[in-house]
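Take a look at the letters that make up each chain.
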Amino acid sequence: MDAIYQTEALIAEDIDAYLDVHQHKTMLRFITCGSVDDGKSTLIGRLLYDSKMIFEDQLAALESDSKKVGTQGQEIDFALLVDGLAAEREQGITIDVAYRFFNTEKRKFIVADCPGHEQYTRNMVTGASTADLAVILIDARKGVLVQTRRHSYLCQLIGIRNIVLAVNKMDLVDYDQARFDEIVAEYRGFATSIGIESFTAMPISGFKGDNITTRSENTPWYTGPTLIDHLETVEVLSSLDAGKPFRMPVQWVNRPNLDFRGFSGLIATGSVKPGDPVRVLPSGKTSTVSRIVTLDGDLDEAVAGQSVTVCLADEIDCSRGDVLATADHPPQVADQFEATIVWMDDEAMLVGRSYWLKLGTQTVSVTVQQPKYTVNVNTLEQLAAKTLELNAIGVAEIATDKPLVFEAYADSRTLGGFVLVDKLTNRTVAAGMLHFSLRRAQNVHWQATDVTREVHAALKNQKAKVLWFTGLSGSGKSTIANEVEKQLNVMNRHTFLLDGDNVRHGLNRDLGFTEADRIENIRRVGEVAKLMADAGLIVLTAFISPFRAERELVRKMLPEGEFVEIFVDTPLEVAEARDVKGLYKKARAGDLKNFTGIDSPYEPPEGPDICVNTVAMTPAEAAEHIIRQLLPLK
C-alpha cells in the first residue's frame, strides 16, 4: 500500500515547477451515470484511488467504513469515497450530485457522480450541464435498462457529444466477450435512434480495476484504450469553442478612473485580437478592439475560456448583459423562441406566469406558453400536457419582455442555455435550451406613431393612471371602484372601469379559475389597461388578482408612477359573511373549486400604494379617501 501511495517526485524536488506544470494542464469535466447500482460511485472511487488522490487518513477511514457499512464484504468499498450523504450510505444509492477533483500527469478532471433514480432527473441535468463527456455505465449482468436509455437521452439533450459506454462488472460474467458485444450492439441501435452518432465502448470492472488505468489481462480480446487513457486524450469542449466565431457576454464595465473604460467577461467562443472589428449586441453598434487587458498585462490574442477586459476604440454604449461579437458574424437577437425546458421545482409551472430568465449575463422577464408536448424520458414518447411538473421535460414557446442575444443551444451552450427563476422566492425552477427564434418575432415590429401617449393625456387635461383594485371576493372592490369613477367623472376626468365579472363575459370568456387561467386573465387585462392608459385614460380595474407576481407584471408594463395598487383590505370572515353572490357558500360545500380564500390562495400586497379598510369605512368614504390620495390628477 505504501509503495502505491508515493507522491510525485517533482513535488518534493521543486514545488513551484510542479504547480506551474499543474496550472497548464487542460481540464476535462465529465459525469458518470446509469442505472441504480451499476457501479458509478465505485468507479469514481477507483479513479481517485488509482490516481493517488486519497490521503492516508482518508484511506484509513475508508477501510474502517468499508467494514461497517460497505457492500463488498471485508474489501474496500470505493463507493464510500463519493456517497457522502448518510441516506446514500444507508440505502447504497446516490441521491445528490457529488463532484470530485483528481488529476493525472496529462490532465485535470472534475467528475460528477449523478443519481440514477428518475425522481432525481433534475440533479442529473445539473451535473451534466457543464460536462464535456459522459461515462454511461451498464451492469454486464443486466444489460441496457430503462434508466440507461433515459440518461443517454438526457446526455444527448444537454449536448454531450463524447459518450463512453462502460460495461461494468465484467468480473461477474467471467469477462465474456459475447456478452459485451451483445450489450454494445443493443445500445448502438438505441443510440442511433436518439441522435448519438458515436460512442466508445469498453469492458471494465470498477471494483477489480480492469481497464481503468491499466489494460486488463482478463480481456485480451479488447484492443481499445483504458478508461483513463481515453479521458486523458479526448478533445475537450473549450478547444472546440476556440474555432467558433468570437462571443463574449459582458459581465462588468471596468471603469477604475476617467482614463480607462473596458468591458470584462469570459470569452465563450472564438478568439479576439487588437484591431478586430466587433459588434455590441443587442444595439448592433460596431467598433474596433484597441486593447485586451488582464491582470498579468495586455494580450496579443485572447481565446475561449479566458477572462479578459476588452477596450474599444470608440465610446459606444455597452453594459452588463450585452454581448461583444465578431462584427461580420454576430449572434441573433429576438424576443420569442421555441425551447426545451426541464422543470426542477416541486411546484408545477404556471403557464403565463412571469419568471426571470437568465442566459449568460442577460436577465430578462419571460412568460412560458402551454407546452407543445412533454417527453416521456423512459419511452421517448411525446405526450400532451397543460403544464410541467417536477422532473418533466417539455417543449414550449417562450416570450421575453425585451430582445435577447442568443444562439441555438446546439451551437453555443453559453448563449443557448438558460435557467428560469421564480420572481418571488428566487428559486431556480427550470433549466432550458433554446432551439430557434419564432418567425413572427423577426417579422413583427413595433410601429412608431406621432401622436404619443403624452399627447393623448394632454388633450384630456389629465395624467394617465391605472387604478388597480385588489382584494378578496366580497371585499367591495367593484362597489368602491364604481364610486371612485363617479367622483372622477364629476371632476371631468376621462375614465373607464374594467370589472372582473364583466371582462369574463367577452375578452376572457374562454378562461376558467385555475391558477394558470387566473394568471392569463390578469395578463390580458393588464395589456388592455395599458392600451387604455396609452390613450390617456384613467383606468380602474376591479379584479381579485390573487398573485403578487401578476400584479407586479402589470406594474412593469406601465411607465413609472402610472400603476396605483389599491388594496381593499377586508378580512376573510367579513367577506364571507357578506357573500352577496353566494359564492363562499358554494365553495364551502365543495361545489365551487379554486375559489380564492377557500381552496385557492390570495397573496395580499406587501406595500400597496393605497389601502382602504372596508370594515371601518363605507364605500363612499373609501372612495373619497382614494381620491384625496390621488390628487392632483392633472
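Parameters and conventions
Residues numbered from 1 in each chain as written. Predicted model: local features only at pLDDT ≥ 70, side-chain atom pairs only at ≥ 80, totals over all residues. Heavy atoms only, no water. Helix = DSSP H or I, 4+ residues; strand = E, 2+ residues; numbered from the N terminus. Buried < 20%, exposed > 50% of the residue type's maximum accessible area, 1.4 Å probe, protein only. Contact = heavy atoms within 4.5 Å. Salt bridge = Lys/Arg side-chain N within 4 Å of Asp/Glu carboxyl O. Phe/Tyr/Trp six-rings, centres within 6.5 Å; stacked < 30°, edge-to-face > 60°. Lys NZ or Arg CZ within 6 Å of the ring centre and 35° of its normal. Core = buried A, V, L, I, M, F, W, Y, C linked by side-chain atoms within 4.5 Å. 1 Å grid on protein atoms, 1.4 Å probe; cavity = no way out; pocket = protein on both sides within 12 Å on 5 of 7 lines; lining within 4 Å. Points joined across faces, edges and corners; volume = space filled by probe spheres on them. Nonpolar A, V, L, I, M, F, W, Y, C, P; charged D, E, K, R; others polar. Pairing = 2+ DSSP bridges. Axes fitted to C-alpha atoms, helices over the stretch in contact; angles between N-to-C directions. pLDDT = per-residue confidence, 0-100. Expected span 1.5 Å × (residues − 1). Arc of directions from axis to C-beta. Polar contact = N/O pair within 3.5 Å; in protein donor to acceptor, adjacent residues only side chain to side chain.

**Some words on the environment of Pro 331**
Position of Pro 331 relative to the elements: it lies in the loop between strand E16 (323–326) and strand E17 (332–343). Using a relative accessible area of 7% as the deciding quantity, one classes Pro 331 as buried. A sequence separation of 49 residues divides Pro 331 from Pro 282, and the C-alpha atoms of the two residues are 9.3 Å apart. Apart from the residues lying within four places of it in its own chain, the contact partners of Pro 331 are Arg 247, Leu 281, Ala 325, Val 405, Phe 406, Glu 407 and Leu 415.

**Things to note about the pattern of salt bridges**
Following the criterion strictly, the structure yields 26 salt bridges and no others. As a salt-bridge pair, Asp 139 and Arg 141 come within 2.7 Å of each other at their nearest N and O atoms. Overall, the relative accessible area of 0% leaves Asp 139 in the buried class. In this structure, Lys 372 and Glu 397 form a salt bridge, with 3.6 Å as the shortest nitrogen-oxygen distance. One end of the pair, Lys 372, is in the loop between strand E19 (362–368) and strand E20 (373–375); the other, Glu 397, is in strand E22 (residues 393–406), with 25 residues separating them in the sequence. Judged by relative accessible area, Lys 372 falls into the partly exposed class, the value being 43%. Three or more residues are tied together by salt bridges with common partners; here these are Arg 551, Glu 552, Arg 555, Glu 565 and Asp 609.

**Some thoughts on the packing of aromatic side chains**
Here the structure, examined in full by the defined rule, presents 10 aromatic pairs. Their ring planes at 70 degrees and their centres at 5.9 Å tell us that Trp 343 and Tyr 355 sit as a pair that is edge-to-face. On the criterion of sequence distance, the pair formed by Trp 343 in strand E17 and Tyr 355 in strand E18 (residues 354–359) is long-range, its members being 12 residues apart. For the pair Trp 343 and Tyr 355, a shared accessibility class is recorded, and that class is buried. An aromatic cluster of at least three residues, connected via ring pairs, comprises Tyr 187, Phe 190 and Phe 199. The ring of Phe 190 has Arg 149 lying over it, and the distance from NZ or CZ to the ring centre is 5.7 Å. Over the aromatic face of Phe 547 sits the side chain of Arg 353, whose NZ or CZ is 5.3 Å from the ring centroid.

**Thoughts on the side chain of Ser 600**
Locating Ser 600 in the fold gives a position in the loop between helix H19 (583–588) and strand E29 (610–613). What makes Ser 600 buried here is its relative accessible area of 6%.

**Section: the nonpolar core**
Ile 31, Cys 155, Ile 160, Ile 163 and Tyr 187 are the most contacted members of the largest nonpolar core, which totals 42 residues. For this core, the elements supplying multiple residues, two or more each, are strand E1 (26–34), helix H6 (121–128), strand E4 (133–139), helix H7 (146–158), strand E5 (162–168), helix H8 (177–193) and strand E24 (428–437). A per-element tally of this core places H8 first, with six residues. Not counting residues within four places of it along the chain, the set of residues in contact with Cys 155 comprises Ile 31, Cys 33, Met 124, Ala 134, Ile 160 and Ile 163. Judged by nonpolar contacts, the second largest core, of 32 residues, contains Val 323, Ala 325, Ile 341 and Ile 398.

**Details of the layout of surface pockets**
Its boundaries defined by the atoms lining it, the second largest pocket holds a volume of some 1,300 Å³. Taken together, 43 residues line the second largest pocket, and the ones lying closest to its centre are Thr 367, Gln 369, Ala 399, Arg 523 and Glu 527. Elements represented by at least two residues in the lining of the second largest pocket include exactly E17, E18, E19, E22, helix H16 (515–534) and helix H17 (548–557). No other element matches the eight residues that H16 contributes to the lining of the second largest pocket. A per-class count over the lining of the second largest pocket returns 16 nonpolar, 12 polar and 15 charged.

**Structural notes on the sheet that holds strand E25 (residues 465–470)**
Overall, parallel pairing links the five strands, which are arranged E26-E27-E25-E28-E29 in an open sheet. A single partner strand is all that each edge strand has here, and the edge strands are strand E26 (495–499) and E29. Each adjacent strand pair in this sheet contributes to an overall mean axis angle of 20 degrees, direction not counted. The strands touched by H17 are E25 and strand E28 (563–569); relative to E28, the strand with the most contacts, the crossing angle is about 150 degrees.

**Description of the confidence of the model for the protein chain**
Overall, the predicted model of the protein chain reaches an average pLDDT of 84, with 85% of residues at or above 70. A low-confidence stretch, residues 1–7 (pLDDT under 50), is modelled with 10 contacts involving residues beyond four sequence positions or located in other chains.

**Focus on helix H3 (residues 40–50)**
Within H3, 10 of the 11 residues are buried, which leaves it mostly tucked inside the rest of the structure. Three or more residues of H3 are buried, namely Lys 40, Ser 41, Thr 42, Leu 43, Ile 44, Gly 45, Arg 46, Leu 47, Leu 48 and Tyr 49.

**Some words on the pairing of E24**
Summarising burial for E24: seven of the 10 residues are buried, a large majority. One ladder, built from seven bridges, connects E17 with E24; its direction is antiparallel. Looking at the pairing, Glu 338 lines up with Phe 436 of E24. Bridging between strand E23 (residues 417–421) and E24 involves five bridges; their strand directions are antiparallel. Residue pairing in the sheet places Phe 418 in a bridge with Gly 432 of E24. Connecting the antiparallel pair E23 and E24 is a turn made up of six residues, with Asn 426 showing a positive phi of about 65 degrees.

**Some words on H8**
Taking 1.5 Å of rise per residue, the 17 residues of H8 would be expected to cover 24 Å, and the 25 Å separating its terminal C-alpha atoms lies within 8% of that figure. When we look at burial in H8, the residues that qualify are Arg 179, Phe 180, Ile 183, Val 184, Tyr 187, Phe 190 and Ala 191. Considered in projection along H8, the buried side chains sweep an arc of 130 degrees and stay on one side of the axis. Exposed residues lying more than 90 degrees from the buried face of H8 are Thr 192 and Ser 193. Those residues of H8 that are buried lie in contact with E4, H7, E5 and strand E6 (200–203). Measuring from the side-chain oxygen of the N-cap residue of H8 to the backbone nitrogen of Ala 178 gives 3.1 Å; that N-cap residue is Asp 176.

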